[in-house]
Amino acid sequence: MTDSITFWVLAPLAVVFAGVSKAGFGSGAAFASAALLAIILPPTQALGLMLPLLMLIDLVTLRPYWGLWSWPEARILIVGGVGGVIAGVVLFNVASDDALRFLIGSVSLGFVAWQLWPRKRSQKPMPRRAGVIAGAVAGFTSFVSHAGGPPAAVYLLSRGLSKTAFQATTVLVFWALNLAKSVPYAMIGVFQVDTLRMGALLAPFALLGAYLGIKLHHAVSEKAFFTVTYVFLTVTGMKLIFDALS
């Protein structure tokens with residue numbers, strides 16, 4: 001794949017986008033990168049390629065947001081998330097490539113639908129016990145598609161955190177969950193020599209995306225960023241579902 005022009009057009013774009021999302025906009029749309037890569041790579045290979053890069057982005061973004069998170073909220077999401085990761089391992093062992101494509105595509109379209117569906121914003125914070133459930137869903141979707149951001153965001157947004165506290169908390173939560181995912185990923189053979197080699201070549205793009213995300217956190221509105229994301233995810237999600245069913 002490293003000799004493919006298509007790969008070198010789409011993969012750097014996907015990795016930079018992941019860095020911008022994780023470092024600047026709460027990780028909610030970072031999974032779009034895995035969805036895009038799943039179009040040109042087998043889903044398992046796409047997930048294995050992205051995880052070390054996401055972990056690199058985590059390391060870069062921890063320092064600028066260090067100590068700015070809400071530890072009570074982060075702790076609850078992490079505890080629930082570990083259980084979700086375990087559930088993800090069970091499904092991953094029995095799912096085919098087409099099943100994973102369908103799941104990643106469905107999560108992509110579901111994220112867009114959830115964001116655009118008209119609803120009243122509740123001013124009542126969700127109870128902390130709901131954070132365990134949100135964490136479990138985040139851990140599960142993160143394991144099977146790197147798509148843990150939306151369920152975590154549902155809980156954190158209800159807790160009334162500031163924009164920076166929300167961002168810092170998601171950085172901490174997904175740093176922990178990505179570490180938790182790395183062990184079973186290695187055990188079930190998601191990491192391969194080829195994907196690790198490709199990841200090393202793409203690492204500079206991950207660092208670039210993280211740098212841009214930190215800078216853009218205060219300069220670009222979330223509305224503008226997610227408008228682009230919605231279009232991106234809709235097209236990618238439909239393509240993945242079509243490929244899975246055809």
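What you are looking at is a predicted structure, and each value in this text was computed from that prediction instead of being measured. (Residues numbered from 1 in each chain as written. Predicted model: local features only at pLDDT ≥ 70, side-chain atom pairs only at ≥ 80, totals over all residues. Heavy atoms only, no water.)

Regarding the nonpolar core
For soluble globular proteins, the rule of thumb is that nonpolar side chains tend to be buried together. Formed by 36 residues in total, the largest nonpolar core has its most connected members in Phe 7, Leu 37, Leu 49, Met 50, Leu 53, Phe 143 and Leu 202. Every element with two or more residues in this core is listed here: α1 (5-24), α2 (32-40), α3 (43-62), α4 (71-92), α6 (128-145) and α9 (193-216). Counting residues per element, this core draws most heavily on α3, which supplies 9 residues. By size, the runner-up hydrophobic cluster in this structure holds 21 residues, among which are Ile 78, Ala 153, Val 173 and Ala 176. (Core = buried A, V, L, I, M, F, W, Y, C linked by side-chain atoms within 4.5 Å. Buried < 20%, exposed > 50% of the residue type's maximum accessible area, 1.4 Å probe, protein only. Helix = DSSP H or I, 4+ residues; strand = E, 2+ residues; numbered from the N terminus.)

Some words on the packing of α3 against helix α8 (residues 163-187)
Between α3 and α8, the least distance of the axes is 10 Å, while the angle of their chain directions is 145°. Considering how the two elements wind past one another, α3 and α8 form a crossing that is left-handed. Facing Leu 47, Leu 51, Leu 54, Met 55, Asp 58, Leu 59, Thr 61 and Leu 62 of α3, the residues of α8 in contact are Val 171, Leu 172, Phe 174, Trp 175, Asn 178, Leu 179, Lys 181, Ser 182 and Tyr 185. Taken together, the residues that form the contact of α3 with α8 break down as 12 nonpolar, 3 polar and 2 charged. (Axes fitted to C-alpha atoms, helices over the stretch in contact; angles between N-to-C directions. Left-handed = near helix turned anticlockwise from the far one by under 90°. Contact = heavy atoms within 4.5 Å. Nonpolar A, V, L, I, M, F, W, Y, C, P; charged D, E, K, R; others polar.)

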